[in-house]
Every structure is written in C-alpha cells, then in structure tokens.
Amino acid sequence: MENEKTMRNPFPWIGKVFKYEMKHLARILLPVNIAIIAIAFITGMMTPVSSDGGLNFHFTYRIGGDENVMEGLAGFFYLIFCVLIIVSAVVTINVISKRFKNGLLGDEAYLNLSLPVTIGEHLWGRILTIIVWDLIYTAVMFVSLVLLFIKNLSYINLGENFLSWFCVLLVMDLAFALCLILFVYLINSIGHLSKKNRSIVKLLAVIILISITSKIVGAVTYNLADADAITVLYINSLIAFILSIIYGVATYFILKLKLNLE
C-alpha cells in the first residue's frame, strides 16, 4: 500500500513496474511484431519486377491465360500483411488495456496494491510501457515498409521534408497512442466505480467524454484552416498530449481515492 509518511525515490519502483509489464507484454506483442516483419520480407521478395525494373503491385494471378503462381502468392501475402497490420494494432491496444484492468482493477489488484508501490508509480510504469511499445511498433512499421520495397528501394522517396514529416508523425503517433490508452484506462476506472451495470456506466462515460473532447478539438482545429499541414498536426498532437494528462490525472485520483475491489 502507499506510504505517504516519508519521501522516497520513485524511479526504482517505476522501473520495476515497467520491467514487469514489458516482460509480460513481450510474450504476446513480440511474436506479433516479428510476424509483421517476416510477412513484409516474404511479400517484398515475392513482389514481381517489371521489365523496366519497377515493382508490380497488381498481383495478377493470370497473365495471358497462364497462371502465375508467384504473383498470386505475392498478392496473398500482401493481403495477409495488411490484415496483420490492423490486427496487430488492435491486439496491442487490447493487451495493454487488459494488463491495466487485471493489474489494478481485477484479479491481480490485491497483490499489486499490497506491494510497496504507489498508484502513481504503477501508472507511470505503465505509461512508459505504452511509450516504448509504441516506438517499437513504429520501428516495425518502418522496417516493414523497407522490406516491402526491398527489390527496388528507390520507391522509398524520402524527399526534402522527410525529417520534418518524420518528426511530426512520430510525435503525433506517440501523442495519440498515449491519449487512446489513457482514455481506455479512465473508462475502465470510471466503470469500476459502479458495483452494478458497469458496462452501461462505461458506455455513458465514453459517450460523454467523446462528446466533450470532440467539441474542444473541433473548436481548436476550426481556427487552423489557414495553417500548414505540419502545424496542424503538431497542434493536434499537443491537444492529444493535454488530453492524455487529463485522462491520466483523473485515472490516478479515481484509483487513489475511490478504488473499490469488492
């Protein structure tokens, strides 16, 4: 339980929570990310090359009446790759959310909250986990993109503004990942306040929060009509970070003051 009598260095405890969460999540998420890279490599190696050296992404199974098995397989693996990207994102969000629910609101909560780790340290350890896995996922996406065009890397045209776009997209990706996961944390925490009808309480919380935040975001972005795309993305990222802080603080106080494990 929390010990408020003495000040202490929270970083070792945050590190322990982070290490434990990373090890647990790696059992599921690491094979998924390895599978994405493997499928991307197979697809890239099977992608047919035209006579002028370009890559053919039409994946026609029949050419001139003759079956082209390699193109058919390339198309199949490309489809698997696209599906795996979507599934991996859903699985990542779902697994991280379940770890929070089980660890602080479910079966493992009694054990975790009996440890000499504060609620804040539990949350910060999980937030660091979100950041690291989001960076890993981003790196996997970049490597997969390279592998898809491995037969002709000239297709990856970085352009003059590559660094600017890379930075803004990385910041935006991190901001929205934190915002989404902490939003889920808050919804689960709000739902846990009710002993009955938790699903209804969660649904109402989702509707109310989305309604409020969409109006705020809409009001801000409405005044950015004349701004350039990079500025708009940075401002939206800033909004996402602010919302993440709000969701995280609200979750912290619910867990600290109103947690009910009955």
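Residues numbered from 1 in each chain as written. Predicted model: local features only at pLDDT ≥ 70, side-chain atom pairs only at ≥ 80, totals over all residues. Heavy atoms only, no water.

### Overview of the overall build of the protein chain
Now for step 1: Helix and strand content of the protein chain: seven helices and two strands.
Now for step 2: The N-to-C order of helical and strand elements in the protein chain reads α-β-β-α-α-α-α-α-α.
Now for step 3: For the protein chain, the proportion of its 262 residues judged to be buried stands at 37%.
Now for step 4: Summed over its atoms, the accessible surface of the protein chain is roughly 15400 Å², and 71% of this surface lies on carbon and sulfur atoms. (Helix = DSSP H or I, 4+ residues; strand = E, 2+ residues; numbered from the N terminus. Buried < 20%, exposed > 50% of the residue type's maximum accessible area, 1.4 Å probe, protein only. Areas by Shrake-Rupley, 256 points an atom, 1.4 Å probe, with all protein chains shown as cover.)

### Focus: the side chain of S189
Now for step 1: For S189, the position within the fold is in helix α5 (residues 162-192).
Now for step 2: Setting aside chain neighbours within four positions, we find S189 in contact with F100, L105, T251, I254 and L255. (Contact = heavy atoms within 4.5 Å.)

### Concerning the packing of aromatic side chains
Any two aromatic rings considered together are summarised by their centre-to-centre distance and by the angle between their planes.
Now for step 1: Under the defined criterion, the tally for this structure stands at four aromatic pairs.
Now for step 2: Ring geometry for F183 against Y247: centres 5.5 Å apart, planes inclined by 65 degrees, an arrangement best described as edge-to-face. Of this pair, F183 sits in helix α5 while Y247 sits in helix α7 (residues 229-258), placing them 64 residues apart in sequence. Accessibility classification places F183 together with Y247 in one group, the buried group.
Now for step 3: A centroid spacing of 5.2 Å and a plane angle of 75 degrees characterise the contact between Y252 and F253, whose relative ring orientation is edge-to-face.
Now for step 4: Relative accessible area serves as the criterion here: at 24%, Y252 is assigned to the partly exposed category.
Now for step 5: A cation over an aromatic ring shows up here: K16 above the ring of W13, its NZ or CZ 4.5 Å from the ring centre. (Phe/Tyr/Trp six-rings, centres within 6.5 Å; stacked < 30°, edge-to-face > 60°. Lys NZ or Arg CZ within 6 Å of the ring centre and 35° of its normal.)

### Digging into the nonpolar core
For soluble globular proteins, nonpolar side chains are generally found buried alongside one another.
Now for step 1: If you look at the biggest cluster of nonpolar residues, it comprises 32 residues, and the most contacted ones within it are F100, L123, Y185, Y247 and L255.
Now for step 2: Of all the secondary-structure elements, those providing two or more residues to this core are α1 (11-46), α2 (69-105), α4 (119-148), α5, α6 (198-222) and α7.
Now for step 3: Take this core: its biggest share by element is ten residues, from α5.
Now for step 4: Leaving out residues up to four positions away in the same chain, F100 has contacts with L105, L123, R126, Y185, N188, S189, T251 and L255.
Now for step 5: Grouped together as the second largest cluster of nonpolar side chains are 13 residues, V32, A40, L148 and F149 included. (Core = buried A, V, L, I, M, F, W, Y, C linked by side-chain atoms within 4.5 Å.)

### As for a nonpolar patch on the surface
Now for step 1: The grouping of I200, L203, L204, I207, I208, I212, I216 and V220 at the surface amounts to a nonpolar patch, some 730 Å² of accessible area in total.
Now for step 2: Tracing the chain through its elements places I216 in helix α6.
Now for step 3: Judged by its relative accessible area of 46%, I216 falls in the partly exposed class. (Patch = residues over 30% accessible without salt bridge, like charges linked within 9 Å, V, L, I, M, F, W, Y side chains within 5 Å. Salt bridge = Lys/Arg side-chain N within 4 Å of Asp/Glu carboxyl O.)

### Focus on the packing of α4 against α5
Now for step 1: Their axes nearest at 10 Å, the elements α4 and α5 cross at an angle of 140 degrees. Classified by the interaxial angle, the pair formed by α4 and α5 is oblique. In the crossing of α4 with α5, the sense of the turn from one axis to the other is right-handed. Taking contact as the criterion, the partners of L123, R126, I127, I130, I131, D134, L135 and T138 in α4 are, on α5, L170, D173, L174, A177, L178, I181, L182 and Y185. (Axes fitted to C-alpha atoms, helices over the stretch in contact; angles between N-to-C directions. Parallel < 35°, antiparallel > 145°, perpendicular 65-115°, else oblique. Left-handed = near helix turned anticlockwise from the far one by under 90°.)

### As for the environment of V91
Now for step 1: In this fold, V91 is placed in helix α2.
Now for step 2: Spatially, the C-alpha atoms of V91 and L29 are 7.9 Å apart, while their sequence positions differ by 62 residues.
Now for step 3: V91 has contacts with I28 and L29, leaving out every residue within four places of it along the chain.

### Brief notes about unusual backbone geometry
Now for step 1: A positive phi angle, close to 55 degrees, is found at N197, a residue other than glycine.
Now for step 2: Relative to the elements of secondary structure, N197 occurs in the loop between α5 and α6.
Now for step 3: The class of N197 is exposed, set by a relative accessible area of 54%.

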